[in-house]
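# Structural description and commentary
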Amino acid sequence: MSNYRRCFVPGGTYFFTVNLACRGGSLLTDQIDDLRLAYGRIAGEMPFATRAVVILPDHIHAIWTLPDGDSDFPTRWRRIKREFSVSVGTTCSRSVSKARKGEVGIWQRRFWERCVRNEAELAATLRYVWGNPVKHGLANRAVDWPYSSVHREVAAGRLPKWGI
């Protein structure tokens, strides 16, 4: 058993990477409407500010700021993952442990998170999130990828039309 410890900072800003268990597929982009519904529903029930998000075919990068006094990002991700899994009704090959616990096997159990400590780190992380489709060869420019909050920033005038 690992000694992994998460950093819980009430009201903190966090960078997340959440992966599908079966890497290399395109379930998240194929079922983008289901993912948006799950994400939006949980954000409505357990509010958080999405500073940036990009949905790739088999993983998600997001930057969230939680409300003052709240550091419960694990419950939010668990609920988003569960709601999406139930809505798509798809399963992936499962370990005995996942089957015993009733998991459908779509998601990796864990996710990666890092607490964003300052504005310089936030700026670098925003560029990383928005540029990830380019890094993976899915688009030539960040603004060419349809499943990204970079479009919200361009529309609000916070980024130029060509994006980053």
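Before going into details, it helps to say that this report is about the structure given with it. The numbers attached to residues start from 1 for each chain and follow its sequence in the written order. Totals for whole chains, interfaces and linings use every residue, but because this is a predicted model, local features are given only for residues with pLDDT of at least 70 and side-chain atom pairs only at 80 or more, for both listing and counting. Think of the side-chain values as coming from all heavy atoms in the structure, minus any hydrogens and water.

## Quick notes on the side chain of Glu 113
Checked against the element boundaries, Glu 113 lands in strand S4 (residues 112-116). Within 3.5 Å is the distance limit for a polar contact, defined as a pair of N or O atoms, with the added protein rule that one can donate a hydrogen and the other accept it, and that residues adjacent in sequence qualify only through two side-chain atoms. In terms of polar contacts, Glu 113 uses its side chain to reach the backbone amide nitrogen of Cys 7, at 3.4 Å. Helix and strand assignments follow DSSP, with helices taken as H or I runs no shorter than four residues and strands as E runs no shorter than two, numbered in order from the N terminus.

## A closer look at the sheet that holds strand S1 (residues 13-19)
With antiparallel pairing, four strands are arranged side by side in an open sheet as S2-S3-S1-S4. Strands at the two margins of the open sheet, each flanked by one partner only, are strand S2 (49-55) and S4. Strand-to-strand twist of the sheet, defined as the mean angle between neighbouring strand axes without regard to direction, takes the value 15°. As judged from the six bridges shared by S2 and strand S3 (residues 59-65), these two strands associate in the antiparallel manner. Each bridged residue has a counterpart across the sheet, and for Val 54 the counterpart in S3 is His 61. Contacts: residue pairs with any heavy atoms within 4.5 Å of one another. In this analysis an axis means a line fitted to C-alpha atoms, helices contributing only their contacting stretch, and an angle means the value between N-to-C directions, from 0 to 180 degrees. Helix-sheet contacts for helix H2 (residues 32-45) involve S2 and S3, and the interaxial angle to S2 is about 165°. With respect to the sheet, helix H3 (residues 73-88) is in contact with S1, S3 and S4, its orientation differing from that of S3 by roughly 140°. In this scheme, strands are said to pair when DSSP sees at least two bridges between them.

As far as function goes, none of this settles anything; it's purely spatial.
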